[in-house]
Structure formats: C-alpha cells, structure tokens
Amino acid sequence: ALALEMPRNDLRIIANSKALISGALTFVNSDGILIDCSCSGAVIVPSQVHLIKDVKCSAKYILLVEKESAFSRLVENKFAEKHSCIIFTGKGYPSLDGRAFLRLISVQTRLPVYALVDCDPFGVEILLQYIIGSSSFAFNNSELVTPHIQWLGILSDDRKQLPTKSLMGLSIQDEKKARSLLSLEYIKSKPQWKREIEKMLSTSKKAEIEALCTVDWGFLEDCYIPHKIQNALCI
C-alpha cells in the first residue's frame, strides 16, 4: 500500500486493530452489528473503519490516552461513566486503524479531544502521529489525522505536583528525539509546544503517566484530568 501510495482499504488489506475504546458511544460495524462501547470494560476498535456507520454519542469529550495501563485504570474506575466521556487508547504508537477511528469519531461527534501522554519526547511524537500523521503515509493523512487534539498532559509544570523520585532523567535517545521534534514545522508553529520540549531538554527530566498515580489514591482520575479540562489547562 505504501509503495503504491494507495489506502490499504483500496487494496483489500485488512489488519487486526490494537486500539481500545470505552464510553458513551455506539456504532454499527462492517458486519451490521451494533457495538455499544459502554456495555463492557473496553471494545477493540474495528479494523474496517471505513465501513463503520450510524455513529451515535452522548459524551462531552474524548480522552486519548497513550498507554493501555492508564486506559485500564480509568476504565476500572468508571471514569467514562462518571465524567460522560469517551476514552481511547492506541496502546503506544497507534496503528493506522486506530488513527482512522479516532478521526472518524471526532468528526462524527464534533467533540473536543484531549490527550494524556508521557512527559517525554517519545510521548510527544506519539501524540503528533494523531495530529499531523506521518511522512510514510502522507498520501493518506487526511483520513488519519485529528488536528484539533489538545495536549492535556503531562506538561512540564505538572511535574511540580509529582514526587521527585518519580521523575527520570532523559536518555541520549530522548535528547536526540527532542531535538528532532524541535526541527518540525508544526512544533515551530506552536510556541507552547516548543517550550514544553525545550523544558524537557533544559531540565533533562521526564515523567510517565504512572507517576500521577503515586501522588495520591485517585489523583489521576479524580483530580488531575477533571481539573485540567474544567480549567482549560491544555495546550
């Protein structure tokens, strides 16, 4: 598909999706089956996203979570139900189907999308794959990107709330990736994003989402995420 610069769907290539979703969302899949994402812990995103129809939603926003572990914690604590939202994870670097699905539901529902990723250069790169896509699939990026995603966290100032022992030093690979990100035109056009990456380099520190769970019991789901959204503390 890449060599031919054609979407995989046009070549009848079907891959298994790894993305998960949970919350107040229903849709009809390629087999004509109604999928209710609020009925079980999590639903695997269908691989044939282009055949999804009748998307319906009663949520207030979509929360994109980088890691499956954080996603699972939020699902276990019924975050989507309590806050009337949809939770989505691509489990790290997203698959094409995961990116296509997020774009589909964001376009269909017109909901704001907030992203929770690690405070490190690779977390930023994962987020950028959802927002601007990748050069490898530039010919198909219009069907894969969600440009209006807001970066909820973890931001550099959020690290002040974390135990010092939960912060880690940047590796050589982290520093190399950060400098690479700073060369991107998208980052150059986003002063706040640029400052975040520069702070990672200047402090030589990073923090993973799991660190938010060490602050206090329930801090991630009961305090951190709701506070950031309610007070518009995203960039």
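Residues numbered from 1 in each chain as written. Predicted model: local features only at pLDDT ≥ 70, side-chain atom pairs only at ≥ 80, totals over all residues. Heavy atoms only, no water.

**Regarding the sheet that holds strand E3 (residues 34-36)**
Strand pairing in a sheet relies on backbone hydrogen bonds, with the paired strands running either antiparallel or parallel.
Part 1 of the reasoning: Taken in spatial order, the three strands make up an open sheet running E3-E2-E5, and their pairing is antiparallel. One side of each edge strand has no neighbouring strand; the edge strands of this open sheet are E3 and strand E5 (53-57). Shown here is a sheet whose adjacent strand axes are inclined to one another by a mean of 10°, direction ignored.
Part 2 of the reasoning: Inspection of the sheet shows strand E2 (residues 25-28) paired to E3 by three bridges, in the antiparallel sense. Considered in E3, the bridge of Val28 is made with Leu34. (Pairing = 2+ DSSP bridges. Helix = DSSP H or I, 4+ residues; strand = E, 2+ residues; numbered from the N terminus. Axes fitted to C-alpha atoms, helices over the stretch in contact; angles between N-to-C directions.)

**So, the sheet that holds strand E9 (residues 150-153)**
Part 1 of the reasoning: If you walk across this open sheet you meet the six strands as E4-E1-E7-E6-E8-E9, and the pairing is mixed. Strands with a single pairing partner mark the edges of an open sheet, and in this sheet they are strand E4 (43-44) and E9.
Part 2 of the reasoning: In this sheet, E4 lies alongside strand E1 (residues 20-23) in antiparallel orientation, the contact comprising two bridges. From the neighbouring strand, Leu20 faces E4, where its bridge partner is Ile44.
Part 3 of the reasoning: Against the sheet, helix H8 (residues 219-230) contacts strand E6 (61-65), strand E8 (113-116) and E9, and its axis sits at roughly 145° relative to E9. (Contact = heavy atoms within 4.5 Å.)

**Describing the environment of Ala115**
Part 1 of the reasoning: As for its placement among the helices and strands, Ala115 is situated in strand E8.
Part 2 of the reasoning: Residue classification places Ala115 among the buried positions, given a relative accessible area of 0%.
Part 3 of the reasoning: The spacing of Ala115 and Leu64 is 51 residues in sequence and 4.6 Å in space, taken between C-alpha atoms.
Part 4 of the reasoning: If we skip the residues at most four places from it in the chain, Ala115 touches Leu64, Leu127, Ile149, Gln150, Trp151, Leu152 and Gly153. (Buried < 20%, exposed > 50% of the residue type's maximum accessible area, 1.4 Å probe, protein only.)

**Describing the packing of helix H5 (residues 172-182) against helix H7 (residues 191-203)**
Part 1 of the reasoning: Packing of H5 against H7 brings their axes to within 10 Å, and their N-to-C directions diverge by 155°. It follows from the interaxial angle that H5 and H7 lie roughly antiparallel. The hand of the H5/H7 crossing is left-handed. In contact with Glu175, Ala178, Arg179, Leu181 and Leu182 of H5, H7 contributes Lys194, Ile197, Glu198 and Leu201.
Part 2 of the reasoning: Here the residues of the contact of H5 with H7 sort into five nonpolar, no polar and four charged. (Parallel < 35°, antiparallel > 145°, perpendicular 65-115°, else oblique. Left-handed = near helix turned anticlockwise from the far one by under 90°. Nonpolar A, V, L, I, M, F, W, Y, C, P; charged D, E, K, R; others polar.)

**Quick word on the packing of helix H4 (residues 121-131) against H7**
Part 1 of the reasoning: At a minimum axis separation of 11 Å, H4 and H7 run at an interaxial angle of 155°. Taken as axis vectors, H4 and H7 run roughly antiparallel relative to one another. Two secondary-structure elements touch here, H4 through Pro121, Val124, Leu127, Leu128 and Ile131 and H7 through Trp193, Ile197 and Met200.
Part 2 of the reasoning: Within the contact of H4 with H7, the residues separate by chemical class into eight nonpolar, no polar and no charged.

**Notes on the environment of Lys194**
Part 1 of the reasoning: Locating Lys194 in the fold gives a position in helix H7.
Part 2 of the reasoning: Assessed through its relative accessible area of 30%, Lys194 is described here as partly exposed.
Part 3 of the reasoning: Each C-alpha atom of the pair Lys194 and Ala178 lies 9.9 Å from the other, and the pair is 16 residues apart in sequence.
Part 4 of the reasoning: Sequence-distant contacts of Lys194, defined by excluding residues within four places in its chain, comprise Leu182 and Ile187.

**Focus on the nonpolar core**
Part 1 of the reasoning: With 74 residues, the main nonpolar core has Ile21, Phe101, Trp193 and Ile225 as its most contacted residues.
Part 2 of the reasoning: Sequence-distant contacts of Trp193, defined by excluding residues within four places in its chain, comprise Val124, Leu127, Leu128, Ile131, Trp151, Tyr186, Ile187 and Ile235. (Core = buried A, V, L, I, M, F, W, Y, C linked by side-chain atoms within 4.5 Å.)

Purely geometric stuff here, so don't read any function into it on its own.
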